[in-house]
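# Fold and contact review
Now for the letters of each chain:
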Amino acid sequence: MFSMKTCFFLLYLYLELSGRVSPAPTYEEQGQFNQTNRIIGGQPVLHRSQFPFQVSLRYNAWPMCGASIIDNRHLLTAAHCVTNDNGRLRDKTRYHAVVGDLRTNINSPTTVIRRILNIFVHENYNPSTIVSDVAVLRVESLIFNANINSIPLAANLPPPNTNCTISGWGLTDFEGDPSPILLFAHVLLLSHQTCLQSYASYLLGGMICAGFPGRDSCSGDSGGPLVCNGIQVGIVSWGVRCGDPEFPGVYASVPTYVDWIRTQQRRSSASYAVIYAYISPFNTGLLCKQAAFQIVETKTCINN
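This section reports on the structure supplied with the text.

Conventions used here
Residues numbered from 1 in each chain as written. Predicted model: local features only at pLDDT ≥ 70, side-chain atom pairs only at ≥ 80, totals over all residues. Heavy atoms only, no water. Buried < 20%, exposed > 50% of the residue type's maximum accessible area, 1.4 Å probe, protein only. Helix = DSSP H or I, 4+ residues; strand = E, 2+ residues; numbered from the N terminus. Pairing = 2+ DSSP bridges. Salt bridge = Lys/Arg side-chain N within 4 Å of Asp/Glu carboxyl O. Contact = heavy atoms within 4.5 Å. Phe/Tyr/Trp six-rings, centres within 6.5 Å; stacked < 30°, edge-to-face > 60°. Lys NZ or Arg CZ within 6 Å of the ring centre and 35° of its normal.

## Details of the pairing of strand β8 (residues 163-168)
Judged by how many residues are buried, β8 sits mostly within the fold: 5 of 6 residues are covered. In this sheet, strand β9 (residues 183-189) lies alongside β8 in antiparallel orientation, the contact comprising 6 bridges. Bridge pairing in β9 links G168 to L183. For β8 and strand β11 (residues 225-228), the ladder comprises 3 bridges, and the chain directions are antiparallel. By the bridge assignment for β11, T165 is matched with V227.

## A few points about the pattern of salt bridges
The tally for this structure, following the rule as stated, stands at 2 salt bridges. With its nearest N and O atoms 4.0 Å apart, the salt bridge here joins D91 to R94. Take D91: its relative accessible area is 37%, and that puts it in the partly exposed class. Of the charged contacts in the structure, one is a salt bridge between E140 and R115, with a shortest N-O distance of 3.0 Å. Here E140, found in the loop between β7 (135-139) and β8, pairs with R115, found in strand β6 (residues 112-121); they are 25 residues apart in sequence, far enough to count as distant.

## Quick look at the side chain of H74
Topologically, H74 is positioned in strand β4 (residues 74-77). Overall, H74 belongs to the buried group, its relative accessible area being 0%. Excluding residues within four positions of it along the chain, H74 makes contact with S68, I69, V136, L137, R138, V139, Q264, Q265, S268 and S269.

## Digging into the packing of aromatic side chains
Considering all chains together, one arrives at 5 aromatic pairs under this definition. Ring centres 5.7 Å apart and planes at 35° place the aromatic pair F51 and F184 in the tilted group. In this pair, F51 is assigned in the loop between β1 (43-44) and β2 (54-59) and F184 in strand β9, connecting sequence segments 133 residues apart. Relative accessible area serves as the criterion here: at 9%, F51 is assigned to the buried category. Relative to F247, the ring of Y199 has its centre 5.6 Å away and its plane inclined at 55°; by these criteria the two rings are tilted. One end of the pair, Y199, is in helix α3 (residues 192-199); the other, F247, is in the loop between β12 (231-238) and β13 (249-253), with 48 residues separating them in the sequence. Taking relative accessible area as the criterion, F247 reaches 8% and is therefore assigned buried. Of the aromatic side chains, those joined through ring pairs into one cluster are F51, F53 and F184. The ring of Y59 carries the charged tip of R90 above its face, separated from the ring centre by 5.6 Å.

Quick look at the structure:
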């Protein structure tokens, strides 16, 4: 199960049949829908520099999820993108991060591929409730340029009805195919009350909603960023169908987890600094063996 977006179709059926949730007001009823602006599956990104922070997370070389660059050695994604159905970590050696490109089916001169060196999943992540659906990935160092750069993280949520942007290579509709080119769409950040009307008790702490009729993240977009005013506010997590006006997309709230995210960045950087102290051409073979179990980016251990 690589994306929670499709699996929550079962939740849709349950909510509909149980009658536990009253029908949510559609965006048309809220006066926020303009038929002429309707987007199905998003618009193609024309220049990679528009979304330099966007990452295609590959598993066994196949595009599986999205992620975002938060510094030159760390990515932010959803916990369910790097764990199995039981919440156990998948093998990090099967993952690669691809940045600097618009397409998933053809590499270009700007394509950069990096290994995943370590994975930090939030300790409260629960695959059953999808709470704390957050993970930080340590990658081989990135060199920033016009096509590859980081995005700042939000410390506070903007007000409801703020215009935001989602992006990714996921399905272009609920029963469609993944997009081979990076797409984006504009959505509205929704109030907690509006989100509750759609999901009731399934909406837990640290979850926010965003949507617009016909505009939504979908399967394959999980882990990608929800960006408002140039700052990442959410992480694509789950939802019912895709683009359903009564069920907006659900995102892990970045402000809720920003302190945890920063802690993982510091923790990761500190651990690798210790490893580097042990690995140099001047160390003995014994010290090299002590550190050999660690993947140390592109640096190698020289045995004497």
